[in-house]
Number of protein chains: 2
Amino acid sequence: MTGRSLDPVRRARLVLSRIGEPGDPRLTGLVSELGPLAVLDSLRSQPEQVDLREALADRLAAADPEADLRRAARAGIRFVTPEDDEWPDGLVDLAHAPVLHERGGSPVGLWVRGRLRLDEAVAGAVAVVGSRSATTYGADAAAEIGSVLGDRRRPVVSGAAFGIDQAAHRGALAARGITVAVLACGADRAYPSAHAALLDYIADVGLVISEAAPGCSPTRVRFLARNRIIAALGAGTVVVEAATRSGALNTAQWAAGMSRVLMGVPGPVTSAQSEGVHRLIRSRDGLLVTSGRDVLEAVGSAGEHLVSQDGLPSRPRDRLGFEHRVVLEAVPRRSAATSRSIARAAGLAPARVTTILEDLSRGGFVERSRDRWRQVASVLGG
Amino acid sequence: MTGRSLDPVRRARLVLSRIGEPGDPRLTGLVSELGPLAVLDSLRSQPEQVDLREALADRLAAADPEADLRRAARAGIRFVTPEDDEWPDGLVDLAHAPVLHERGGSPVGLWVRGRLRLDEAVAGAVAVVGSRSATTYGADAAAEIGSVLGDRRRPVVSGAAFGIDQAAHRGALAARGITVAVLACGADRAYPSAHAALLDYIADVGLVISEAAPGCSPTRVRFLARNRIIAALGAGTVVVEAATRSGALNTAQWAAGMSRVLMGVPGPVTSAQSEGVHRLIRSRDGLLVTSGRDVLEAVGSAGEHLVSQDGLPSRPRDRLGFEHRVVLEAVPRRSAATSRSIARAAGLAPARVTTILEDLSRGGFVERSRDRWRQVASVLGG
């Protein structure tokens, strides 16, 4: 954690995390395209980045990543980047999702408070979001869903706000499940302050994470950027109550944009807090769910589409998702290749490819020999 | 109305209406296939109808259609058949809908109490159905929908039962709209008896109709048969509240089977009376609606798909529904043909073809010269 031992890519991401606004699509787009080192370099020198550079000049001059890391560590917070093993697969989709309200792209890094590995803490997670001014009806529904998910070891991701968010977190905690709070302010801050104890508890048994650097206050753009992280971390997003202009509908838009399972809990047609949810279901963007059980049914169990009951692929290749097919195509049949070379051939992030190779291995499509992978000759001649 | 003046087809339908159970698919199927005269004849003589004949023998011996008509007339009830001008188009679809719970097919006739023409009373109608043991929440929602439909001159079709049905009828009546009650017992009877005054009022300003002959009591199979008439008469069906085993879901099945717009009003997930509706929406069979306004939007206005704002077809032929295209193909381009010969060529019921020809005429596709129709040369070369 000293200046000398800090990896240059990680250091560049730390600087970018401190100086950029969360989800600024100019910055996240450049980082995805050129990598953090080149972006930082171009911000310092290239005339074509003059607009962005001028906007960030003061922050850039003041950035001190080593000090940031030290301060964060004192608050129990670490910085996790796409180069780390624990970077969750779900975030990869953000690089390709459309920009909403001038926010978008893959975060340059996430600040994480808590002991769990980030990828493990969100494995099979479901996002549960909704109105701050929830009714007791909505809060009860959110708590029931949180508790059923927690009971089935499916992490609950939410935003720690009043109302639905709080009820969902508490439902998961009551069932001794894992829950992850994604904040719009720094992970060292408690917003809302009334939830300081709740956030401490979540950090203790789950995780509190933020794209914003420690010390940052929550602003409107940071809420909008935060919503995309919540949607990306969930296999699905449930909207429990939302008036027609609720921020929860922004999270829903993100979920739909990334082809996540989007769900809504109906309520009385006389309740303004259910109006936004009813629109979501009425437009057929959202699936109606009435309980945690419905939610479980809608999101399915992770990986179950890959392998049939008896452990053999029931319909090889046809049943694979797009990324899995791309990776499988990139695995040699006769020779064997490292995951890094397969990732190059597939044009996907190495960490993601490693996970997919393990999925494919469980499905009987590929096999590993030491650090190399090859395709398994199909019994069906595929 | 005397024995001498009674048309033989109408007489045969009267007998079949008296002796058969409503929606007995053996009987309705035969009538569609062979016509009422041949069916009655085969019931009297053909050995292959032995099962049906034996089942109906006693009733057949006792049938007295002339007396039936006289008795009905004294109760203000007339018998309407597919040969009558006022037979509604919507009922035609029943001949092709799947059989449900051993009920199905086009009714051999309908007993109608009230002064309005049947086809006019159900033009653009919407069926509003639901639980007998409705909550005040559900009854309020049904009344609001009934009232908005009534206000917009869209008839409300329902079953005059306690709960949702009653609220829907009353909503329409309060808005001085037309409402039609379809009964499982004879149209001369009041079921439930507590609704005798309501039924009198409906017969006064709308219609009370039944497939069952006057005097018949309501039985389980007659309710199941009745539900298909409600669904067929509506351009769409709204289910307001329904527990998971509610009869309203049977009506919903009929509506879906005839490609009607199927709608459901959500409610609290904690209410058993909304459970069936939530399943309907969750399965994507039903569209979520929250108000009469949503219902109007979902069913659209009759014929609006045919003609664009300026009165010219915006996309000739492509925008026509299946039946309209079939009829249009059957209309000659150079010569002209009667609607009866067009109906033969199209393989559709004459009454339906007449309506479709009028639609097509308004859309500028065909023109009438005295009693013959020809295609209009398209300005787009179609």
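Look a little higher up for the structure.
This is a predicted model, so every value here is computed, not measured.

The rules behind each value
Residues numbered from 1 in each chain as written. Chains lettered and ligands numbered in written order. Predicted model: local features only at pLDDT ≥ 70, side-chain atom pairs only at ≥ 80, totals over all residues. Least-squares fit on C-alpha atoms with pLDDT ≥ 70 in both. Contact = placed C-beta atoms within 7 Å. Core = buried A, V, L, I, M, F, W, Y, C linked by C-beta atoms within 7 Å. Buried ≥ 20, exposed ≤ 12 C-beta atoms within 10 Å, placed from the backbone. Pairing = 2+ DSSP bridges. Helix = DSSP H or I, 4+ residues; strand = E, 2+ residues; numbered from the N terminus. Axes fitted to C-alpha atoms, helices over the stretch in contact; angles between N-to-C directions. Nonpolar A, V, L, I, M, F, W, Y, C, P; charged D, E, K, R; others polar.

### Focus: the relation of the copies chain B and chain A
For these two chains of identical sequence, chain B goes onto chain A by a turn of 180 degrees and a shift of 0.2 Å along the axis, with RMSD 0.2 Å. Such a turn and shift between the copies fits a two-fold axis. With an isologous cut-off of 70% or more, the 100% of interface residues of chain B that recur at the interface of chain A puts this contact in the isologous class.

### Side note on the nonpolar core
Ala127 and Val238 of chain A together with Ala127 and Val238 of chain B are the most contacted members of the largest nonpolar core, which has 202 residues in total. When residues no more than four places from it in sequence are discounted, the contact partners of alanine 127 of chain B are Val157, Ser158, Ile230, Ala231, Leu233, Gly234, Thr237, Val238, Thr251 and Ala255 of chain B.

### Regarding the sheet that holds strand β12 (residues 372-375) of chain A
All names here are of chain A. The 3 strands lie next to each other as β10-β12-β11, forming an open sheet whose pairing is antiparallel. Only two strands of the sheet have a single partner each, and these edge strands are β10 (337-338) and β11 (366-369). Alignment of β10 against β12, held across 2 bridges, turns out to be antiparallel. Directly across from alanine 337, in β12, lies its bridge partner tryptophan 373. Running at roughly 110 degrees to β11, helix α16 (residues 350-362) makes contact with β11 and β12 of the sheet.

### Details of unusual backbone geometry
That bond from tyrosine 191 of chain A to proline 192 of chain A is cis: its omega, -5 degrees, falls within 30 degrees of zero. Along the chain, proline 192 of chain A falls in the loop between β5 (179-183) and α9 (196-205). Its identity is not glycine, yet arginine 370 of chain A carries a phi of approximately 50 degrees, on the positive side. Mapped onto the elements of the fold, arginine 370 of chain A is located in the loop between β11 and β12. On the basis of neighbour counts, which here come to 7 C-beta atoms within 10 Å, the residue arginine 370 of chain A falls in the exposed class. The phi dihedral of serine 259 of chain B falls on the positive side, at around 55 degrees, and the residue is not glycine. In this structure, serine 259 of chain B sits in the loop between α11 (248-257) and β8 (261-264).

### A closer look at the interface of chain B and chain A
Contact with chain B, which involves 15 residues of that partner, is made by 15 residues of chain A. Mapped onto the side of chain B that touches chain A, the elements with two or more residues apiece are α7 (136-151), α12 (272-282) and β9 (287-288) of chain B. Broken down by element, the residue count for the side of chain B that touches chain A peaks at 3 residues, all from α12 of chain B. Counted by class, the side of chain B that touches chain A contains 9 nonpolar, 4 polar and 2 charged residues.

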